[in-house]
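Tertiary structure, described
Read off the chains here:
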Amino acid sequence: MKKALLFAILILFAEVSAQSAGNSGLSFLKIGSGARNIALGDNGAVFSNDASAVFYNPSNLAGGTSTEVAFTHNEWIQGVKTEMLAARFTLFGLNMGLGLNSTRIGDIEVRERPGAPLSTFTADFMAISLGTGFAISEKIDAGFGIKYLYEGMFYEDATGFALDLSAKYKLSNDLFVTAAVRNIGSMNELKAVVTKLPTDLRVGGGYNFALPESKIKFATGLELQKYLSTDDIHVNAGVEAVYDNLVAVRVGYQTLYESKGITGGIGIQWNKLSFDYALSPFSQNLGMGHTFSVGIRF
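**Description of the overall build of the protein chain**
In terms of helices and strands, the protein chain carries four helices and 16 strands. Scored against the burial criterion, the 298 residues of the protein chain give a buried share of 46%. Contacts in the protein chain between residues far apart in sequence, at least 24 positions, make up 50% of those at least 6 positions apart. A total of about 14,900 Å² of accessible surface is found on the protein chain, and carbon and sulfur atoms cover 63% of it.

Right, here's the structure in full:
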């Protein structure tokens, strides 16, 4: 009963708060967070078991007790570059997460007529997130986060706020389902136009298992993702194999995108340090996305 009520509240918030038609802006919020999650098909609502949970699924913060800090550099396509900082810590007995996303698009050309551009400018976007995850019962975790948003370009800027809600239900130690609604909120006007947030709903599940004789652990995940301002539904899937708690190989896939599908990456865990890399190939001659993350636990 508690599980059904919690998931119903999540869906209700999404339907009431999201735009019902048209495309959204602030597309930097659609770029994945953390090389591990991106390599696994951007399936972060399921796989984000570290500080990156503050970006995807705050309820995943409930399961952690260690303090950790992670930095991500995302060399995306078409001149888009993102720097992300995420931290997980305990404050006043609460499991907290803090995240910073700074994205820049450089060398945007200014034109009034065909020919050489008059000048160039940059577009800057930022999100500062604060979230918490907590246990409702032995099997149910919940979480929420708030974020401050900023966009600025060509002498104009705007700010706004958004809310994330999430829940996790553990059927066993290795099998679970999750739900998250992200970016419920609004922006101020940018040059007399209000940017709609890319509110999305993610519902998925994960299953972990091991082959002790081979020293290999597997993590698998599948989720349905829907941006509530569009009609399409995406399926994000990922599989991770970790050998001897040291080296990880990851592959993921995202459906119903015009220019992206398969993703992949590797990871290395050395004592309390982690190094992760993700490769995101794009079709239609858009290029490759490269993501690097480094994290440390205390």
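Now that the structure has been shown, the text picks up again.
**Here's the deal with the nonpolar core**
Listed in full, the twelve residues of the largest apolar core are L26, F28, L29, A123, F125, A127, L149, A158, A162, M187, L190 and L197. Counting residues per element, the ones that place at least two in this core are β4 (119-135) and β6 (156-170). Ranked by residue count, the leading element in this core is β4, at three residues. Leaving out residues up to four positions away in the same chain, F125 has contacts with L26, F28, N101, S102, T103, I105, Y150, E151 and M153.

**Observations regarding the packing of aromatic side chains**
Counted according to the given criterion, the structure contains seven aromatic pairs. With centroids separated by 5.1 Å and ring planes inclined at 45°, the aromatic side chains of Y277 and F292 adopt a geometry described as tilted. Of the two residues, Y277 is situated in strand β15 (residues 273-282) and F292 in strand β16 (residues 287-297); the sequence distance between them amounts to 15 residues. Owing to a relative accessible area of 24%, Y277 belongs among the partly exposed residues under this scheme. A network of ring pairs unites the aromatic residues Y207, F209 and F218 as a single cluster. Taking NZ or CZ as reference, K30 lies 4.7 Å from the ring centre of Y227, over its face. The cationic tip of K168 hangs over the ring face of F176; the distance from NZ or CZ to the ring centre is 4.4 Å.

**Overview of the side chain of N37**
Looking at where N37 falls in the secondary structure, it is placed in helix α2 (residues 35-39). Looking at N37, its side chain comes within polar contact range of the main-chain oxygen of S33, at 2.8 Å. Apart from the residues within four sequence positions on either side, N37 is in contact with D42, N43, G44, F47, S48, S52 and Y56.

**Some remarks on the side chain of N43**
Checked against the element boundaries, N43 lands in the loop between α2 and α3 (44-47). Aside from chain neighbours lying at most four places away, what touches N43 is N37, R202, G221, L222, E223, N236, A237 and G238.

**Section: the pairing of strand β14 (residues 262-270)**
One ladder, built from seven bridges, connects strand β13 (residues 247-254) with β14; its direction is antiparallel. Bridged to V247 within β14 is I268. In this structure, β14 lies alongside β15, joined through seven bridges in antiparallel fashion. Counterpart to G265 in the pairing with β15 is A278. The hairpin formed by β14 and β15 contains two residues between the paired strands, and N271 there has a positive phi angle of roughly 55°.

**Description of the pattern of salt bridges**
Where side chains of opposite charge bring their charged atoms close, a pairing between them can arise. Summed over the entire model, instances satisfying the criterion amount to 13 salt bridges. One salt bridge connects R250 with E240, and the closest N-O pair in it is separated by 2.6 Å. Taken together, the positions of R250 in strand β13 and E240 in strand β12 (residues 234-243) put the pair ten residues apart, joining distant regions of the chain. Accessibility classification places R250 together with E240 in one group, the buried group. Beyond isolated ion pairs, a larger network of salt bridges with shared partners links D42, R182, D200, R202 and E223.

How each quantity is defined
Residues numbered from 1 in each chain as written. Predicted model: local features only at pLDDT ≥ 70, side-chain atom pairs only at ≥ 80, totals over all residues. Heavy atoms only, no water. Helix = DSSP H or I, 4+ residues; strand = E, 2+ residues; numbered from the N terminus. Buried < 20%, exposed > 50% of the residue type's maximum accessible area, 1.4 Å probe, protein only. Contact = heavy atoms within 4.5 Å. Areas by Shrake-Rupley, 256 points an atom, 1.4 Å probe, with all protein chains shown as cover. Core = buried A, V, L, I, M, F, W, Y, C linked by side-chain atoms within 4.5 Å. Phe/Tyr/Trp six-rings, centres within 6.5 Å; stacked < 30°, edge-to-face > 60°. Lys NZ or Arg CZ within 6 Å of the ring centre and 35° of its normal. Polar contact = N/O pair within 3.5 Å; in protein donor to acceptor, adjacent residues only side chain to side chain. Pairing = 2+ DSSP bridges. Salt bridge = Lys/Arg side-chain N within 4 Å of Asp/Glu carboxyl O.

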